[in-house]
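# Examination of the molecular architecture
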Amino acid sequence: MAQKNYTQYALLGLLTTGYHTGYSMKQMIDGSLNHFWKISYGQIYPALKMLVDKGYAEVKYTSQQGRPDKKEYYITSSGKEALKQWLKQPVQELPIEKNELLLKLFFSRQQDKPTTIKQIEIYHEKLLERYNTYEGIKKMILLESSEHKDAPFWIITLDYGLSTTHAAIDWCIKTKDTLLNLKEEE
């Protein structure tokens, strides 16, 4: 099955929220979308060109003194319709997470228990950092963007990240306890 290119829909969505330049989109992606959807800077401009070619976006040029013209992109009515049609489609499959820790744990009988426990502890610390980052983003949205029409949906998305991260933190605690109580092979 061919992999669907969802980057175009991410960019169409960003166009509806007031991000009109490749640079501003990249800033929003880095601070928000990249927590659940990876888009590299190198994907943005080719995808924007494709949206323009499809008639889903239009580009407007603004002169800047001593600099190249600024390109600003705006969603067209056919772009809005394409986004709405995509949003209506049910999610076809659950994503499969690539997780290095889980891969290592699967084979951890091949290493000593303290090393495995240390890996769990490090992972736990990283999850706590992620959780705190999400909490900070949520507070920022509530303080600075609570009136934005998209803010409730941003919060819903953040709450998913908070919930799954919290569940992973709980899993780390339980897994460490399980490992501590595991009898060593003789």
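- For the protein, an unreviewed UniProt entry supplies the name PadR family transcriptional regulator and the organism Halobacillus locisalis.

## Points about the pattern of salt bridges
- In total, this model carries six salt bridges according to the counting rule given.
- Across the salt bridge formed by Glu 58 and Lys 60, the nearest N and O atoms sit 3.9 Å from each other.
- Among the ionic pairs, Lys 138 bridges to Asp 159, the shortest N-O distance being 2.7 Å. On the criterion of sequence distance, the pair formed by Lys 138 in helix α6 (residues 113–144) and Asp 159 in helix α7 (residues 151–181) is long-range, its members being 21 residues apart.
- Look at Asp 159 and you get partly exposed, because its relative accessible area is 29%.

## Re the packing of aromatic side chains
- Under the definition given, this model contains five aromatic pairs.
- Here Tyr 6 and Trp 86 contribute two aromatic rings whose centre-to-centre distance is 5.9 Å and whose plane-to-plane angle is 45 degrees, an arrangement assigned as tilted. Of this pair, Tyr 6 sits in the segment before α1 (7–16) while Trp 86 is found in helix α4 (residues 77–88), placing the two residues 80 residues apart along the sequence.
- The class of Tyr 6 is partly exposed, set by a relative accessible area of 30%.
- Note on Trp 86: relative accessible area 24%, which makes it partly exposed.
- Ring plane angle 80 degrees and centroid distance 5.1 Å describe the contact between Phe 106 and Phe 107, whose orientation is recorded as edge-to-face.
- An aromatic cluster is defined as three or more aromatic residues linked by ring pairs; in this entry it consists of Tyr 6, Tyr 9, Trp 37 and Trp 86.
- Just above the ring of Tyr 74 sits the side chain of Lys 60; from NZ or CZ to the centre is 4.9 Å.

Conventions and cut-offs
- Residues numbered from 1 in each chain as written.
- Predicted model: local features only at pLDDT ≥ 70, side-chain atom pairs only at ≥ 80, totals over all residues.
- Heavy atoms only, no water.
- Salt bridge = Lys/Arg side-chain N within 4 Å of Asp/Glu carboxyl O.
- Helix = DSSP H or I, 4+ residues; strand = E, 2+ residues; numbered from the N terminus.
- Buried < 20%, exposed > 50% of the residue type's maximum accessible area, 1.4 Å probe, protein only.
- Phe/Tyr/Trp six-rings, centres within 6.5 Å; stacked < 30°, edge-to-face > 60°.
- Lys NZ or Arg CZ within 6 Å of the ring centre and 35° of its normal.

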